[in-house]
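Summary of the model geometry
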Amino acid sequence: MFETDYSPAEQDAIERLKAWYSGDVHDSMEALGHFGYLEGISLQGTLDEGAVVVGPAVTVSFKPSDRKGEPQDVYHNAIDNVPQGGVLVLDASCADGACSGELMSTGAKTAGAAATIVNGTVRDLAQVRRLGYPLFGTHPSPVGVSGRKEPAESQIPITIGRVTVKPGDVIFADIDGVICVPRDHLIAIADEADANGRNEASARERILKGEKLQSVWPA
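So, here is what we can say about the structure in this document.

Here we come to the pattern of salt bridges. Oppositely charged side chains can pair when the atoms bearing their charge come close. Tallying each qualifying case throughout the model produces nine salt bridges. Measuring nitrogen to oxygen at the nearest pair gives 3.0 Å for the salt bridge that ties R183 to E10. In this pair, R183 is assigned in the loop between β10 (177-181) and α6 (186-208) and E10 in helix α1 (residues 8-17), connecting sequence segments 173 residues apart. Between E15 and K18 there is a salt bridge, with its nearest N and O atoms 2.9 Å apart. Given a relative accessible area of 48%, E15 falls into the partly exposed group. One salt-bridge network, in which partners are shared between bridges, spans D12, R16, D191 and D194.

Attention now goes to α6. Three- or four-residue spacings in an α-helix give side chains the same orientation, since the helix completes a turn every 3.6 residues. Compared with the 33 Å implied by 1.5 Å per residue over 23 residues, the 32 Å span of α6 between its first and last C-alpha is a close match. Residues of α6 that are buried: L186, I189, A190, A193, D194, N196, G197, E200 and A203. Buried residues in α6 make contact with α1, α2 (22-31), β9 (170-174), β10 and α7 (213-216). Of the residues one or two after α6, G210 is the one with positive phi, at around 110°.

A regular strand carries its side chains on alternate faces of the sheet. Within strand β3 (residues 87-91), five of the five residues are buried, which leaves the element mostly enclosed by the surrounding structure. In β3, alternate side chains face the same way, and those of V87, V89 and D91 on one face and L88 and L90 on the other are all buried. Direction of pairing for strand β2 (residues 53-64) relative to β3: parallel, over a ladder of five bridges. Across the sheet, A57 pairs through a bridge with V87, a residue of β3.

About the cut-offs
- Residues numbered from 1 in each chain as written.
- Predicted model: local features only at pLDDT ≥ 70, side-chain atom pairs only at ≥ 80, totals over all residues.
- Heavy atoms only, no water.
- Salt bridge = Lys/Arg side-chain N within 4 Å of Asp/Glu carboxyl O.
- Helix = DSSP H or I, 4+ residues; strand = E, 2+ residues; numbered from the N terminus.
- Buried < 20%, exposed > 50% of the residue type's maximum accessible area, 1.4 Å probe, protein only.
- Expected span 1.5 Å × (residues − 1).
- Contact = heavy atoms within 4.5 Å.
- Pairing = 2+ DSSP bridges.

Here is the structure:
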């Protein structure tokens, strides 16, 4: 298993992040000078209403390959060894082909993964949704990976758009998108999210009581 070694303070920060949603978290990151949005990736599987995914990143990088017969050992090993609540993060943008679908999602959920995030296409969405698994990707495609690409390495830094995801960084995902919270700044971002969330809750309550928006939340 790919073990995580979060300190008690980091574990507390992860739990605190679960109270918020992606807009809160990314606003908090930007307030501290960070950008973590994994652009172009959205929910293709399912999440309960209002649910969020928060967990340590387990990374897999794919490379172009003309080999056939589903040479997926690196990815399968990552699935089988994901820590409880871990989030599989795949950079599969090197070639066409959906590297995750029903079987990969079933394996991941059974192993204890919280979600799979794919920088690339995904498939078998009807089956994945029946499974109730949070699978994220760029868009659906029925095209498979065999003869097109294969997983090359795991637990290495991978770059998706403007963001580099390192093993052990914290992935935050919900219906609005996916964010990578860098472990080095995890506690500070959680603190900022708590403060931001309290401010928004106060503003919401004032609006519900009849105050005008401009007086509550000025530009």
